[in-house]
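Residues per chain are reported as follows:
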Amino acid sequence: MTLYPEIRLYIGGEWKSAPGLPVLNPADESTIGTVPVATRQDLDDAIAAAHDGFRTWSRMAPAKRADIMFRAAALLRQRAGEIAVAMTIEQGKPVAESRGEVGRAAEALEWEAAEGRRTYGRVVPSEPGMRNLVLRQPIGAVAGFTPWNYPIAQPNRKVAAALAAGCSIILKAAEETPAGAVHLVRAFHDAGLPPGVLNLVFGTPSEISEYLIPHDTIRMITFTGSIPVGKRLAELAARSMKPAIMELGGHAPVIVCDDVDPVATATMSAVTKSRNSGQVCTAPTRFYVHESIYRKFTETFVEKAKSLKIGDGLDPSTQMGPLANSRRIEAMDTLVADASAKGAHVLSGGSRLGKRGYFFPLTVLAEVPDDARVMRDEPFGPIALINPVGSLDEAIEKANSLPYGLAAYAFTRSAQNADRLADSVEAGNLSINHLVGSIAEMPVGGVKESGYGREGGTEGLSHFTVAKSVSHQIA
Ligand code: NAD
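Residues numbered from 1 in each chain as written. Predicted model: local features only at pLDDT ≥ 70, side-chain atom pairs only at ≥ 80, totals over all residues. Heavy atoms only, no water.

### Let's talk about the domain arrangement of the chain
In many analyses, interface size is given as the accessible surface area lost on bringing the parts together.
No. 1: In terms of domains, the chain is made up of domain 1 (9-248 + 450-472) and domain 2 (253-439).
No. 2: If you average the C-alpha positions of domain 1 and of domain 2, the two centres end up 31 Å apart.
No. 3: On the side of domain 2, 31 residues touch domain 1, which itself brings 24 residues to the contact.
No. 4: For the pair domain 1 and domain 2, the two sides together bury roughly 2200 Å², of which 51% comes from carbon and sulfur.
No. 5: Counting across the domain 1 and domain 2 interface gives 2 salt bridges.
No. 6: Between R352 and E29 there is a salt bridge, and its shortest N-O distance comes to 3.2 Å.
No. 7: Elements represented by at least two residues in the side of domain 1 that touches domain 2 include exactly helix 3 (80-91) and helix 4 (95-116).
No. 8: Looking at the side of domain 1 that touches domain 2 element by element, the count peaks at 4 residues for helix 3. (Domains from an automatic or database assignment. Contact = heavy atoms within 4.5 Å. Buried area = accessible area lost by both parts, 1.4 Å probe. Salt bridge = Lys/Arg side-chain N within 4 Å of Asp/Glu carboxyl O. Helix = DSSP H or I, 4+ residues; strand = E, 2+ residues; numbered from the N terminus.)

Pasting the structure below:
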């Protein structure tokens, strides 16, 4: 078994090797492969392929499309061990987490495959002799751009929804973690997906997005990544009046009320924060803990953070792997230095571990002043901020004080509190009394600068279709 696959472009149903850039293992900074850089000709070929692929795929019976998607999902499950190892080598997370990610991707793919058969339109009652229909048609060829934090789950979200709706797609996956996308495409190829329906490119992100987004063949954009890049791509999409899904950053608040067990809540929170080394857009980040349980909560969180075994994700005993790239280490250093200069207490972690590999411990900053950069800039790494609050009102006000609104969490046993939180927390996703991630049938997405559009659920799928009203006077 090769641990790391050859990374190639996939255009019009064919794999293409090309010279490229090194891909690094974040656990030891060694080079594990190269990622090809698409040329302008490659992009033109991908566009032509997506154009033709759309014709073929949109005209295929939905049940037949679903069959191919189910076969691809089965192949992902079969190959989960091999895929997980490749993802851990390129991205760093423990191999068990990588395996879980492959399983979730397969599950989401199955859900979209089944749901694609239910993109029903409507028959609207009308006067005699008139038949009014609302058809839901696939929007066309899509351009998808995905980040490095979930090398297979992120590409799968875009690809599965596009294909379920009957669209073709050109995916530009992350150059830093290309193997997840290559394995996804391989599964579709082996499942019998017709050429051109799914195309995979890598290269210089800004050049690719600037070429693909305005192109006539591309009818929709879907992006997951940072807010600044999202704004740039949204602007490009708006210039040619194209709809876009923007799944951007977050800075998730966690409101911990005085009626919960601080030990259980803190333990669960620390474990969740360590997942994917905190590089999750929905990661719990700003903990607003009622002052009556603040001390116990913080002590427990710190204890758990210090106990985590950090190391190479391939070692089965590792609980938290390295950060995915050196940019994240620099960002963590800057945020911790700024917060501590402004008076925050560094209760655990706070600096890089060792000199080789991008290891950074789960870091707890307590009593962090609101003017510290980390209270506003998304850390996108293993930093938890824990501050005391005196009331639920104060916690909600602080939770809503940032320009983000992706995920939010709350812990309370009171139905009244839960109801108030559901009404007033400004976020696309609110989880009460748990920190479990999203499921395929629920929409995920942001409000405010965290973006627009949804992924998952019927809401997510609907973005890939257009409603066409057909009014037919029969007599
Ligand atoms: P980034 O936005 O620069 O990169 C994210 C992804 O977008 C990368 O894979 C990159 O290749 C791609 N990208 C960058 N510029 C692009 C362009 N002009 N056109 C097309 N694609 C482009 O961010 P980063 O520094 O790699 O990652 C850190 C930030 O990413 C975090 O602060 C976080 O906000 C964001 N992020 C968000 C999510 C999410 O699910 N919302 C996931 C991962 C990362």
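### Brief notes about the sheet that holds strand 5 (residues 122-124)
No. 1: Reading across the sheet, the 3 strands line up as 5-6-20 and stay open at both edges, with antiparallel pairing between neighbours. Looking at the sheet topology across the chains shown, the edges are occupied by strand 5 and strand 20 (465-473). Between one strand and the next, the sheet's axes are offset by a mean angle of 20°, whatever the strand orientation.
No. 2: Note that strand 6 (residues 130-138) and strand 20 share 9 bridges and pair antiparallel. The residue bridging V134 from the neighbouring strand is S469, located in strand 20. (Pairing = 2+ DSSP bridges. Axes fitted to C-alpha atoms, helices over the stretch in contact; angles between N-to-C directions.)

### A word on the sheet that holds strand 13 (residues 284-290)
Either a parallel or an antiparallel arrangement is found when strands of a sheet pair, and the pairing is made through backbone hydrogen bonds.
No. 1: One open sheet accounts for 7 strands, arranged 14-15-16-13-12-17-18; its pairing is mixed. Lying at the two open borders of the sheet, with one neighbouring strand each, are strand 14 (345-348) and strand 18 (429-432). Between one strand axis and the next, the sheet turns through 20° on average, direction left out of account.
No. 2: Relative to strand 13, strand 12 (residues 252-256) runs parallel, the two sharing 5 bridges. By the bridge assignment, V256 is partnered in strand 13 with V289.
No. 3: The strands touched by helix 10 (residues 294-307) are strand 12, strand 13, strand 14, strand 15 (363-366) and strand 16 (383-389); relative to strand 16, the strand with the most contacts, the crossing angle is about 170°.

### Here's the deal with the packing of aromatic side chains
Two aromatic rings, taken as a pair, are described by how far apart their centres are and by the angle between their planes.
No. 1: Counting across every chain of the model gives 5 aromatic pairs.
No. 2: Between Y10 and W15, the ring centres sit 4.7 Å apart and the planes meet at 50°, which makes this aromatic pair tilted.
No. 3: What makes Y10 buried here is its relative accessible area of 3%.
No. 4: A residue is classified by how much of its surface remains accessible, and W15, at 22% relative accessible area, is partly exposed.
No. 5: Between the aromatic rings of W148 and F380, the centroid separation amounts to 5.5 Å while the plane-to-plane angle is 85°, which identifies the pairing as edge-to-face. Placement of W148 in the loop between strand 7 (141-145) and helix 5 (153-165) and of F380 in the loop between strand 15 and strand 16 is noted, with a sequence separation of 232 residues between them. There is no split in this pair, since W148 and F380 are both buried.
No. 6: Each residue in the set F287, F297 and F301 is aromatic and connected to the rest through ring pairs, giving one cluster.
No. 7: If you follow R40 out to its NZ or CZ, it ends over the ring of Y211, 4.1 Å from the centre.
No. 8: The ring of W57 is capped by R65, whose NZ or CZ atom sits 6.0 Å from the centre of that ring. (Phe/Tyr/Trp six-rings, centres within 6.5 Å; stacked < 30°, edge-to-face > 60°. Buried < 20%, exposed > 50% of the residue type's maximum accessible area, 1.4 Å probe, protein only. Lys NZ or Arg CZ within 6 Å of the ring centre and 35° of its normal.)

### What about the pairing of strand 8 (residues 168-172)?
No. 1: Taken across its 5 residues, strand 8 has 5 buried, putting it largely inside the fold.
No. 2: Here strand 8 shows a buried face lined by S168, I170 and K172 and a second buried face lined by I169 and L171.
No. 3: In the sheet, strand 7 pairs with strand 8 via 5 bridges, with the strands oriented parallel. Bridge pairing in strand 8 links A141 to S168.
No. 4: A crossover links strand 7 with its parallel partner strand 8, the connecting element being helix 5, and its sense is right-handed.
No. 5: The handedness of the strand 8 to strand 9 (residues 198-201) crossover, carried by helix 6 (residues 178-190), is right-handed. (Right-handed = clockwise from strand over helix to strand, strands pointing away.)

### Structural notes on unusual backbone geometry
No. 1: Even without glycine at this site, F380 takes up a positive phi of about 45°.
No. 2: In this structure, N433 takes a positive phi of about 65° despite not being glycine.
No. 3: Here N433 lies in the loop between strand 18 and strand 19 (451-452).
No. 4: Classification of N433 as partly exposed rests on a relative accessible area of 39%.

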